[in-house]
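A closer look at the structure
Chain by chain, the residues run as shown.
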Amino acid sequence: MKTWHWTTLIILIIATLIAEFTLLSDYDSHWWNSIPGFYAIWGFLSCIVIIYVSKWIGKLFLFRDETYYDH
Amino acid sequence: MITELLFFPAVLVLLGALVLPLAKQEMRPSLFLVFPLAALATIWIMPDGFTIKTSLANYELILVQANSLSRIFGTIFAMIAVIGGVFAWHIKDLGQQSSALAYGAGALGVTFAGDFFTLLVFWELMAVSSTYLIWAHRTAVSQHSGMRYLVYHSLGGGILLTGILTHLNDTGSILLSSFPETFTLASLLILIGVAINAAIPPLSAWLPDAYPNSTITGAVFMSAFTTKSAVYVLMILFPGWSILIWLGVAMAIYGTVYAILSNDIRQILAYSIISQIGYMVTGIGIGTEMALNGAAVHAFSHILYKCLLFMAAGGVLYATGKSKLSELGGFASKMKWVVGLYIIGALSISGFPLFNGFISKSMIVSAAGSAHYEWVYLLLTLASVGTFLHTGLKLPYFTWFGKQKSEFTVKPVPKNMIFAMGIGAFLCTLFGVWPQLLYNYLPFPVDYHPYTVYHLVEVTQILIFTFIGFWIFRTKLDGNPKIVLDTDWFYRKPAAFTRTILVNKVDDFFGLAERVVHGIAGHLASRFDNPMAWLNPFSTEENNARSYSSPAGTVMAFILFAFLVFSLYLIT
């Protein structure tokens, strides 16, 4: 990841936040629409939860050696 | 009747499966494409409400029934048969070519069937013909996997048939129509039978078991037909069944968790199918016009990008002979086209704007929102974060980028494979940029616009922050050379024990019984070999029993005859 990649991402995030506060400021069809930047938070939290919970379940119950069914 | 059969898409494609062996080998790849193209043409010539009817015993069968929903599914099945045919252009295995066409015929037959009987026939045709696409891989693993697949689907077909017969007994009708939302024996059995093909957990383990073990080209057909034809049948029979909402959400998350854990690239994609079908099942469960439209359009989009992804994964397997993340890495520069086209599929499945996942997945999620299933909305969004994470980031990153994890050479991928991927990528982009092309043909009028500021803000924020999360924790997702237990454990692990109890022990018992009976017979034969030893113990004469057998036989026959005559006399 080069610097300009990160710069692009940051510009995009800022653009979405501006759009959210100007164009969508009165949008309230769901309870979470009153939380600013909710989808950014939800996306990041989901990402962490999915990675950690999956790995945890995997280690606890699901991972086996590749030859597990052979014997 | 003969001219009517020309309007029977399934028969057209099945005809291809029968004609192909008669053609010369060089002709077969191009001939392969003719039949699904012809089917595609008939699907679009048939007007709405077109039917072909026949009767069997006292029942009226509707072999073909055209409506907007079956046209959507039929179109995409025929298109995939064509794209798959281009992808498999270099294949010289007649068995694979014929069974792929028969498989496509099965999917088309199910899609246009108007009654349960026709449906079941094509349902079983799919099960049998697709099994060959696993066996044709010709490894010991695929032999076993194919057998498990066949047994599982035979069980599913059996349950479906039982349900159909119960339904017939209850209602006297074999025509397909939606069930009222009550659990009767018939509806439950049919639901289970269809759920097996739709890979709804816990009945889903056959899918990630079989698809990674099928042939490179076979997996492309398999990713399209079986599960999505089951989604179609769910839409016809069980729209608005609320149990499907939560089954669908569970599926979407279940597929995500397993795709995160899997190591084999085609297994990751297989689990990702389960996750994606979760969206469609949820949409069917919600059952509003928008949700059903969403399920149909998502099935269409999903088939396109999933077949593109399977083609690219097949390209990796073809070029390197490897399919495990823990053994790949660091060769993106050697297959730029495949990487680029895969990325288009990955962007589509992740729901990037301008690609077809964006215009279909968001429709189901929005339908959940407008039907006030708020948690369904949030959990489906969570699952789509997972989709971007495993199919969009983990798989390409650890397959092609990073450092090389084992020694392998990279063969060039045939041009026809790249070309087929190109068609897939083009269509993914086309429908993403121009959604009306699809929306105009959906079963219900569409009042939905995917490209709104709200959706663009939502998707951009989610995707960017998922990417940031991936970049921070990416080492956690690297391939782990392990297998992941699924519900197939319940029939694979006890298999040895079951075989011991039900086969080996029974065999041993019969073997023992046989030995005992033979022993007794042998012993008696040797004891009675010299009858004089018993009749006249004082004689020393050696007499062989065989010399007595014909006079003794005559006496026996007379006794029996007298007995017969006497009993006849008693009866009369």
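See the structure shown above.
The present account deals with the structure reproduced in this document.

Calculation notes
- Residues numbered from 1 in each chain as written.
- Chains lettered and ligands numbered in written order.
- Predicted model: local features only at pLDDT ≥ 70, side-chain atom pairs only at ≥ 80, totals over all residues.
- Helix = DSSP H or I, 4+ residues; strand = E, 2+ residues; numbered from the N terminus.
- Buried ≥ 20, exposed ≤ 12 C-beta atoms within 10 Å, placed from the backbone.
- Contact = placed C-beta atoms within 7 Å.
- Rg over C-alpha atoms; globule rule 2.2 N^0.38 Å.
- Pairing = 2+ DSSP bridges.
- Expected span 1.5 Å × (residues − 1).
- Arc of directions from axis to C-beta.
- Core = buried A, V, L, I, M, F, W, Y, C linked by C-beta atoms within 7 Å.
- Axes fitted to C-alpha atoms, helices over the stretch in contact; angles between N-to-C directions.
- Parallel < 35°, antiparallel > 145°, perpendicular 65-115°, else oblique.
- Nonpolar A, V, L, I, M, F, W, Y, C, P; charged D, E, K, R; others polar.
- Left-handed = near helix turned anticlockwise from the far one by under 90°.

Comments concerning the overall build of chain B
On a plain count of helices and strands, chain B comes out with 23 helices and three strands. Oriented by its inertia axes, the alpha-carbon framework of chain B measures out at about 115 × 60 × 50 Å. The buried share of chain B, reckoned over its 572 residues, is 52%. For chain B, the share of sequence-separated contacts (at least 6 apart) that also reach a separation of at least 24 residues comes to 80%.

Points about the overall build of chain A
Along its length, chain A carries two helices and one strand. Overall, chain A shows an N-to-C arrangement of helices and strands of α-α-β. For 71 residues, the compact-globule estimate of 2.2 N^0.38 gives 11 Å, and the C-alpha radius of gyration of chain A, at 20 Å, exceeds that figure by more than 25%. Considered along the principal axes of its C-alpha atoms, chain A spans approximately 65 × 35 × 15 Å. Counting all 71 residues of chain A, 17% fall into the buried class.

Comments concerning the interface of chain B and chain A
Between chain B and chain A, the residue contacts involve 36 residues of the former and 36 residues of the latter. Counting residues per element, the ones that place at least two in the side of chain B that touches chain A are α11 (243-261), α16 (374-400), α19 (453-473) and β3 (483-484) of chain B. Among the elements that take part in the side of chain B that touches chain A, α19(B) stands out by supplying 15 residues, more than any other. As judged from the two bridges shared by strand β1 (residues 63-64) of chain A and β3(B), these two strands associate in the antiparallel manner. Residue A:F63 lies in a different strand from β3(B), and its bridge partner there is B:V484.

Topic: helix α3 (residues 28-45) of chain B
Residues and elements named next belong to chain B. The first and last C-alpha atoms of α3 sit 26 Å apart over 18 residues, in line with the 26 Å expected at 1.5 Å per residue. For α3, the complete set of buried residues consists of R28, F32, F35, P36, A39, L40, T42 and I43. An end-on view of α3 places all buried positions within 170 degrees of arc, on one side of the element. Turned more than 90 degrees off the buried face of α3, the exposed positions are S30 and I45. Contact partners of the buried residues in α3: α2 (9-19), α4 (68-87) and α5 (94-112).

Observations regarding the environment of B:L261
Relative to the helices and strands, B:L261 is located in helix α11. Distance from B:L261 to B:D478, taken between C-alpha atoms, is 9.4 Å for residues 217 residues apart in sequence.

With respect to the nonpolar core
Residues and elements named next belong to chain B. Counting residues in each nonpolar core, the largest one holds 197 residues, and the members touching the most others are L234 and L308. With 20 residues, the single largest contributor to this core is helix α13 (residues 289-320). Non-local contacts of L308, meaning those with residues more than four positions away in its chain, are made with L341, I344, G345, M421, G424, A425 and C428.

Focus: unusual backbone geometry
All names here are of chain B. Note that the residue after P201, namely P202, is joined by a cis bond; omega there is 5 degrees. One non-glycine residue, L354, lies in the positive phi region at around 80 degrees. Residue position: L354 is located in the loop between α14 (336-350) and α15 (356-370). Residue L354 is classed as partly exposed on the basis of its C-beta count, with 13 C-beta atoms lying within 10 Å.

Quick word on the pairing of strand β1 (residues 51-56) of chain B
All names here are of chain B. Sheet topology places β1 next to strand β2 (residues 59-65); six bridges connect them, and they run antiparallel. Of the residues in β2, the one forming a bridge with I52 is V64. Between β1 and the antiparallel strand that follows it, β2, lie two residues; A57 among them carries a positive phi value of about 50 degrees.

Notes on the packing of α15(B) against α16(B)
All names here are of chain B. Orientation of α15 relative to α16, taken along the N-to-C sense of each, is 155 degrees, at an axis distance of 8 Å. Looking at the two axes, α15 sits roughly antiparallel to α16. Note on element contacts: α16 touches α15 through V376, Y377, L380, T381 and S384, opposite K361, V365, A368 and G369. When grouped by side-chain class, the residues that make up the contact of α15 with α16 number five nonpolar, three polar and one charged.

Some points on the environment of B:V82
Residues and elements named next belong to chain B. Position of V82 among the secondary structure elements: in helix α4. V82 sits in the buried class, given 20 other C-beta atoms within 10 Å. Separated by 45 residues in sequence, V82 and L37 have C-alpha atoms that sit 6.8 Å apart. Residue contacts for V82: discarding those within four places in its chain leaves L33, P36 and L37.

Examining the environment of B:L15
Residues and elements named next belong to chain B. Within the secondary structure, L15 is located in helix α2. By C-beta crowding, L15 is classed as partly exposed, having 18 other C-beta atoms within 10 Å. For the pair L15 and W135, spaced 120 residues apart in sequence, the C-alpha to C-alpha distance is 23 Å.

Focus: α14(B)
Residues and elements named next belong to chain B. The end-to-end C-alpha distance of α14 is 21 Å, a good match for the 21 Å that 15 residues give at a rise of 1.5 Å each. The complete set of buried residues in α14 reads V338, L341, Y342, I344, G345, A346, L347, S348, I349 and S350. Against the buried residues of α14 lie α13, α15, α16, α17 (415-433) and α19. Where α14 terminates, the next one or two residues include G351, which has phi positive at roughly 80 degrees.

Observations regarding the packing of helix α12 (residues 265-286) of chain B against α16(B)
Residues and elements named next belong to chain B. Two elements in contact, α12 and α16, have axes whose closest approach is 11 Å; the angle formed by their N-to-C orientations is 160 degrees. In terms of orientation, α12 lies roughly antiparallel with respect to α16. α12 and α16 meet at a crossing whose hand is left-handed. Across the interface between the two elements, I265, I268, L269, S272, S275, G278, Y279 and T282 from α12 touch V376, L380, A383, G386, T387, H390, T391, L395 and T399 from α16. Partitioning the contact of α12 with α16 into residue classes produces eight nonpolar, nine polar and no charged.

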